[in-house]
Amino acid sequence: MGSSWVDHGLPDPSEAFRKAFPGRSPTLLSRAPGRVNLIGEHTDYNGLPVFPMALRQEIRILLSPRDDALVRVVNRKREFGPREFTISHEIPPHVTGDWANYLKAPCQALARRFGDLNGFDALVSSTLPVASGLSSSSALVIALGQAVLRVNEKTLSTLDFAEEMAAAERYTGTQGGGMDQAISAGALEGHASRIEFGPLEVFETPVPEDWRFVVAHTLVRAEKSGFAQDAYNTRTKECREALEVVAGVAAARGLAPEGVVSYHHLLERVCIQDLVDLGEENLEGTLLKRLRHVVTEGSRVYDAEHAMKRGDRLTFGLLMNASHQSLREDYEVSSPELDELVDLALGAGAAGARLTGAGFGGCMVALAGPDSVDGVMESMEQGFYQPRGDVGKLDQILFQAEASQGATVETL
Ligand code: NG1
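Residues numbered from 1 in each chain as written. Predicted model: local features only at pLDDT ≥ 70, side-chain atom pairs only at ≥ 80, totals over all residues. Heavy atoms only, no water.

**Quick word on the packing of aromatic side chains**
Remark: the centre distance and the inter-plane angle together describe each pair of aromatic rings, the angle taken between the planes. Rules: The rule is short: rings of Phe, Tyr and Trp, with Trp giving its six-membered ring, pair when the centres are within 6.5 Å, and they are stacked under 30 degrees, edge-to-face over 60, tilted in between. Helix and strand definitions here come from DSSP, where helices need a minimum of 4 consecutive H or I residues and strands a minimum of 2 consecutive E residues; each element is numbered from the N-terminal end. Relative accessible area decides the class of each residue, using a 1.4 Å probe on protein chains only: under 20% of the type maximum gives buried, over 50% gives exposed, and in between gives partly exposed. Whether a charge sits over a ring depends on NZ of Lys or CZ of Arg being within 6 Å of the ring centre and within 35 degrees of the ring normal.
Under the defined criterion, the tally for this structure stands at eight aromatic pairs. Their ring planes at 55° and their centres at 5.8 Å tell us that Phe 80 and Trp 99 sit as a pair that is tilted. Of this pair, Phe 80 sits in the loop between β3 (70-75) and β4 (83-86) while Trp 99 sits in the loop between β4 and α3 (100-114), and the two are 19 residues apart along the sequence. Using a relative accessible area of 6% as the deciding quantity, one classes Trp 99 as buried. Here Phe 384 and Tyr 385 contribute two aromatic rings whose centre-to-centre distance is 5.1 Å and whose plane-to-plane angle is 80°, an arrangement assigned as edge-to-face. An aromatic cluster of at least three residues, connected via ring pairs, comprises Phe 51, Trp 211, Phe 213 and Phe 316. Directly above the aromatic system of Tyr 331 lies the positively charged group of Arg 290, at a separation of 5.6 Å from the ring centroid.

**Things to note about helix α13 (residues 373-385)**
Applied cut-off: Expected helix span is taken as 1.5 Å per residue step, with the number of steps being one fewer than the number of residues. What makes two residues a contact is simply this: any of their non-hydrogen atoms within 4.5 Å.
Compared with an ideal rise of 1.5 Å per residue, which puts 13 residues at 18 Å, α13 spans 17 Å between its outermost C-alpha atoms and is within 8% of the ideal. Residues of α13 that are buried sit in contact with β8 (212-217), α12 (336-347), β10 (363-368), α14 (394-397) and β11 (398-400).

**A closer look at the domain arrangement of the chain**
As a reminder, the rule being used: Note: domain ranges come from an automatic or database domain assignment. When two parts are brought into contact, each loses some accessible area as probed by a 1.4 Å sphere; the total of that loss over both is the buried area. Here, a salt bridge means any Lys or Arg side-chain nitrogen found within 4 Å of an Asp or Glu carboxyl oxygen. Polar contact is the term for a pair of N or O atoms within 3.5 Å; when the atoms are in protein, one must be able to donate a hydrogen and the other to accept it, and sequence-neighboring residues count only if both atoms are side-chain atoms.
The domain architecture assigned to the chain consists of domain 1 (13-207 + 404-411) and domain 2 (216-401). Each of domain 1 and domain 2 has a C-alpha centre, and these two points are 25 Å apart. Counting residues at the interface gives 46 residues for domain 1 and 45 residues for domain 2. Note on domain 1 versus domain 2: buried area summed over both sides is about 3500 Å², and carbon and sulfur give 62% of it. A salt bridge links Arg 194 to Glu 305, with the nearest nitrogen and oxygen atoms 2.8 Å apart. Counting the contacts that link domain 1 with domain 2 gives 20 residue pairs in polar contact (both at pLDDT 80 or more). At the level of elements, β1 (28-39), β2 (51-65), β6 (191-196) and β7 (201-206) are the ones that each hand at least two residues to the side of domain 1 that touches domain 2. Residue contributions to the side of domain 1 that touches domain 2 peak at five residues, all from β1.

**Re the environment of Asp 121**
Tracing the chain through its elements places Asp 121 in strand β5 (residues 120-126). Sequence separation between Asp 121 and Phe 21 is 100 residues; the distance between their C-alpha atoms is 7.4 Å. Beyond its immediate sequence surroundings of up to four residues, Asp 121 is in contact with Phe 17, Phe 21, Arg 24, Leu 62, Leu 63, Ser 64, Arg 66 and Arg 72. At 3.2 Å, the side chain of Asp 121 forms a polar contact with the side chain of Arg 66.

**A short note on the pattern of salt bridges**
What the rule picks out here adds up to 29 salt bridges. A salt bridge links Asp 160 to Arg 113; the nearest nitrogen and oxygen atoms lie 2.7 Å apart. A residue pair is termed long-range when its members are at least 10 positions apart, and Asp 160 in helix α5 (residues 158-169) and Arg 113 in helix α3 qualify at 47 residues. The class for Arg 113 is partly exposed, based on a relative accessible area of 37%. Beyond isolated ion pairs, a larger network of salt bridges with shared partners links Arg 24, Arg 66, Asp 68, Arg 72 and Asp 121.

**Notes on the packing of helix α7 (residues 227-252) against helix α10 (residues 285-310)**
Definition in use: For helices, the fitted axis covers only the stretch in contact; all axes are lines through C-alpha atoms, and the angles between them, taken along N-to-C directions, range from 0 to 180 degrees. For classification purposes, angles smaller than 35 degrees are called roughly parallel, those larger than 145 roughly antiparallel, those between 65 and 115 roughly perpendicular, and all remaining angles oblique. Each residue gets one of three labels, nonpolar for Ala, Val, Leu, Ile, Met, Phe, Trp, Tyr, Cys and Pro, charged for Asp, Glu, Lys and Arg, and polar for the others, Gly among them.
As a packed pair, α7 and α10 sit with axes 9 Å apart at the nearest point and diverge in direction by 90°. Here α7 lies roughly perpendicular to α10, going by the angle between them. When α7 is examined against α10, the residues Arg 235, Glu 238, Cys 239, Glu 241, Ala 242 and Val 246 are found in contact with a partner set consisting of Thr 286, Leu 287, Arg 290, Leu 291 and Val 294. In terms of residue class, the contact of α7 with α10 is made up of six nonpolar, one polar and four charged.

**Observations concerning the sheet that holds strand β9 (residues 352-356)**
What counts here: A pair of strands is treated as paired once DSSP finds two or more bridges between them.
On the basis of which strands lie adjacent, the open sheet formed by four strands has the order β9-β10-β8-β11 and antiparallel pairing. At either margin of the open sheet sits one strand with a lone partner, and together these are β9 and β11. Averaged over all neighbouring strand pairs, the angle between strand axes comes to 20°, with direction disregarded.

**Looking at the pairing of β10**
The buried fraction of β10 amounts to six of the six residues, a majority that puts the element mostly inside the structure. Side chains Cys 363, Val 365 and Leu 367 project from β10 onto one buried face, and the interleaved Met 364, Ala 366 and Ala 368 project onto a second face that is buried too. Bridge count for β8 against β10 is six bridges, and the pairing is antiparallel. Paired with Ala 216 across the bridge in β10 is Met 364. Two elements, β9 and β10, share five bridges in a ladder whose sense is antiparallel. Its bridge partner being in β10, Arg 354 is matched across the sheet by Val 365.

**Focus on the sheet that holds β2**
Strand order across the open sheet formed by six strands is β4-β3-β5-β2-β1-β12, with mixed pairing between neighbours. The sheet is open, and its two edges are formed by β4 and β12 (408-411), each paired on a single side. Pairs of neighbouring strands in the sheet enclose a mean axial angle of 20°, with direction left out of account. Judged from the four bridges that link them, β1 and β12 form a sheet pairing that is antiparallel. Counterpart to Arg 31 in the pairing with β12 is Thr 408.

Listed below in structure tokens is the structure:
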């Protein structure tokens, strides 16, 4: 175990654990990866597919089980202070945005599901940049939830666990979909996954060996505790409003039954173009834009999955570009920094580039081939990071994504 911590540039944390919890030693290691979403953005909470892969960067939690219900957690990142609470089916939340809520969320959900649970002492480390659209929050929820299960000798299937954790994370105030939890819990190494919702299903595709996904951080944190959470939740509401209008019209015209409550079900009855047409006839302004993004983005996921299966990098790249354009113009979640990174990547020969995750800052992902990847990385370094001065460790904000395995928990 020691060597893999060193691989991530972290000193062996067992000592830190003993320092944080004198007299106690860790007996379990729970790890859960972040993810980069390749295409299918802001579709999950609309019941439409996404296409992410898990990253090598991850959350790691060292644990020592307790024989009472107390949970004590120390984070190696100083900005996240120590937190302590008791597991129960009604855990009072900290203020919105406090990182403790990502610890309490899985504990409360699993207590509701399984009854009385024991707690633990835990030390959290991370190799994931925070608030970057790479899902550090869900990785924390998955790593902690999985730890709760192991400490209490409870089991859930991967998909059941992922769904439970997606619902649990809403405790933090974000009305999120289920993408991040599903990929973090269940990813297959070397693969990207199309994830479907309602019911949750996962379909893997091997990532072609000569495809390189470059991830670059805007240096702007997309905090789900403030503006980004409001902007995100507003969009979930707008999507529901747009759906109600077009579903109503579709029902009135006999195209779909009354009371359709998801884009997924509406698209089983009405084809994409007809749905966009219905939107254009019956919606205007923001609601029309939101509907157009969601519906077209869902279909891009299937096209992109097929392109990956064929090894067709060119088509995959064009779909990424179309996704970014739609996210920028119709969904209005891009930012000047994201657009700048996308332009730099394309200018350096990337097949495609787009914002990844919720947007409002965070990261960009670009697709390159073996011949162009170095040029793409260099263009980011010289065109984006060098002019901004001291940006810290470059390999933490600019890296090639490696499709990695989902969460695991091991006995030390
Ligand atoms: P990020 O970017 O990791 O905050 C969020 C949601 C996803 C999905 C994407 C947009 C959470 C935990 N995650 O991800 O479910 O909707 O935005 O595609 O809310």
